[in-house]
Amino acid sequence: MSKSNDHQPDHDPEHPYSGKDYDQTLHLLQIELVKLQREIIASNDQILVIFEGRDAAGKDGIIKTISQHLSPREFRIVALGKPSERDRAEWYFQRYVAELPAAQEMVLFNRSWYNRAGVERVMGFCSDKEYELFMNTVTDFEQLLVDSGIKIIKYYLDISKHEQKERLEARLTDPLKQWKISPIDEQATKQWKQYSNARNEMLIRSHTPNTPWVIVHTDDKHEARINILRDVLGRLNYKGKDKKLALPDPEVVFAFDTVCIENGRLAP
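Residues numbered from 1 in each chain as written. Predicted model: local features only at pLDDT ≥ 70, side-chain atom pairs only at ≥ 80, totals over all residues. Heavy atoms only, no water.

1. Details of the packing of aromatic side chains
What characterises a pair of aromatic rings is the spacing of the ring centres plus the angle enclosed by the ring planes.
Okay, step 1: Tallied over the entire structure, the rule returns 15 aromatic pairs.
Okay, step 2: Their ring planes at 80° and their centres at 5.8 Å tell us that Trp 91 and Phe 141 sit as a pair that is edge-to-face. Remark: Phe 141 occurs in helix H6 (residues 128-147) and Trp 91 occurs in the loop between helix H3 (85-89) and helix H4 (94-97); sequence separation between them is 50 residues.
Okay, step 3: Taking the relative accessible area as the measure of exposure, Phe 141 reaches 7% and is therefore buried.
Okay, step 4: Among the aromatic side chains, those forming a connected cluster through ring pairs are Trp 91, Tyr 92, Phe 93, Tyr 96, Phe 109, Trp 113, Tyr 114, Phe 134, Phe 141 and Trp 213.
Okay, step 5: Sitting over the ring of Trp 192, Arg 54 keeps its end group 3.5 Å from the ring centre.
Okay, step 6: The ring of Tyr 131 has Arg 121 lying over it, and the distance from NZ or CZ to the ring centre is 3.9 Å. (Phe/Tyr/Trp six-rings, centres within 6.5 Å; stacked < 30°, edge-to-face > 60°. Helix = DSSP H or I, 4+ residues; strand = E, 2+ residues; numbered from the N terminus. Buried < 20%, exposed > 50% of the residue type's maximum accessible area, 1.4 Å probe, protein only. Lys NZ or Arg CZ within 6 Å of the ring centre and 35° of its normal.)

What follows is the structure, encoded as structure tokens:
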């Protein structure tokens, strides 16, 4: 059985976050998220969380998990579609700037400006010149955002080739997942190596002390969701924090380093 199966027994020693264990832990973490949102509002904070990763790595699931009990007035999910001709004629970052968090707001990007370093790079949707301009300016752009008061957390969701193949095939047969199917899906596994090379270059060139990349292993969906929530809570300050809940498993969530790159897979 695939690790990604959402219907697991009440307790399974191989799945520490399964069944009732998962539900109970998730409930406690979502209470902490509500505490965090109260602090964001009270402190006029601006929080931006970026989720990148291969197709079917679990971005939609974790974003839904985070957003489930938060106030929609101070919380937004941004998932921009294909750029229009007008968008392509503008400064590349321009349409993303319009979606940045205001004071008292937390915004989650389901993919971001890093599309240029991933899908656009591999699929030939941008020129070499456009790609290099992006890679040469993205860290400066993010530093400007940090200097203006925006707190940025960048997650790269990593998935194995086998698990990705299973999830993409499941989309074809599950009527509730039909909206996730795209023409790009077919190329995800066919161009695995090209996506790996693009990912590695992106991580190496855009990982900085002020805007670091955090890697998440997502073959086990429940484990990944729980540990991302723990990591988010651990990185941000708020009153009444349960510090024991804000400790992610370092084998699941860990800081990127060049030594992480191993045979096309990211390892802690």
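Structure's up, so let's keep going.
2. A closer look at the confidence of the model for the chain
Okay, step 1: Mean pLDDT over the chain: 92, with 93% of residues reaching 70 or higher.
Okay, step 2: The model gives residues 1-11 a pLDDT under 50, and that stretch makes 28 contacts with residues more than four places away or in other chains. (pLDDT = per-residue confidence, 0-100. Contact = heavy atoms within 4.5 Å.)

3. Overview of the pairing of strand S1 (residues 46-53)
Okay, step 1: S1 sits mainly inside the fold: eight of its eight residues count as buried.
Okay, step 2: Alternating residues of S1 divide into Gln 46, Leu 48, Ile 50 and Glu 52 and Ile 47, Val 49, Phe 51 and Gly 53, and every residue in both groups is buried.
Okay, step 3: The pairing of S1 with strand S3 (residues 105-110) spans six bridges and is classified as parallel. Looking across to S3, one finds that Ile 47 is bridged to Met 106.
Okay, step 4: Examined bridge by bridge, S1 and strand S4 (residues 150-158) share eight bridges and lie parallel to one another. (Pairing = 2+ DSSP bridges.)

4. Brief notes about the nonpolar core
Okay, step 1: Of all hydrophobic cores here, the largest spans 36 residues; its most connected members are Phe 51, Ile 66 and Tyr 155.
Okay, step 2: Every element with two or more residues in this core is listed here: helix H1 (19-42), S1, helix H2 (59-67), S3, S4, strand S5 (213-217) and helix H10 (221-235).
Okay, step 3: Apart from residues no more than four positions distant in its own chain, Ile 66 is found in contact with Leu 33, Phe 51, Phe 75, Leu 108 and Leu 229.
Okay, step 4: Tyr 96, Tyr 114, Met 202 and Trp 213 belong to the second largest nonpolar core, which has 30 residues in total. (Core = buried A, V, L, I, M, F, W, Y, C linked by side-chain atoms within 4.5 Å.)

5. Focus on empty space enclosed by the protein
Okay, step 1: Applying the stated criterion to the full structure yields one cavity of 30 Å³ or more.
Okay, step 2: Its boundaries defined by the atoms lining it, the largest cavity holds a volume of some 190 Å³.
Okay, step 3: Lining the largest cavity are 17 residues, with Gly 53, Arg 111, Gly 118, Tyr 156 and Tyr 195 sitting closest to its centre.
Okay, step 4: Secondary structure elements with two or more residues in the lining of the largest cavity: S1 and helix H9 (192-206).
Okay, step 5: A per-class count over the lining of the largest cavity returns eight nonpolar, four polar and five charged. (1 Å grid on protein atoms, 1.4 Å probe; cavity = no way out; pocket = protein on both sides within 12 Å on 5 of 7 lines; lining within 4 Å. Points joined across faces, edges and corners; volume = space filled by probe spheres on them. Nonpolar A, V, L, I, M, F, W, Y, C, P; charged D, E, K, R; others polar.)

6. Side note on the packing of H2 against H10
Okay, step 1: Put simply, H2 and H10 touch, their axes get as near as 10 Å, and they point 50° apart. One way to sum up the angle between H2 and H10 is to call them oblique. As for how H2 packs across H10, the hand of that crossing is right-handed. Contact residues: Gly 61, Ile 62, Thr 65 and Ile 66 in H2; Arg 225, Ile 228 and Leu 229 in H10.
Okay, step 2: Among the residues forming the contact of H2 with H10, the class breakdown is four nonpolar, two polar and one charged. (Axes fitted to C-alpha atoms, helices over the stretch in contact; angles between N-to-C directions. Parallel < 35°, antiparallel > 145°, perpendicular 65-115°, else oblique. Left-handed = near helix turned anticlockwise from the far one by under 90°.)

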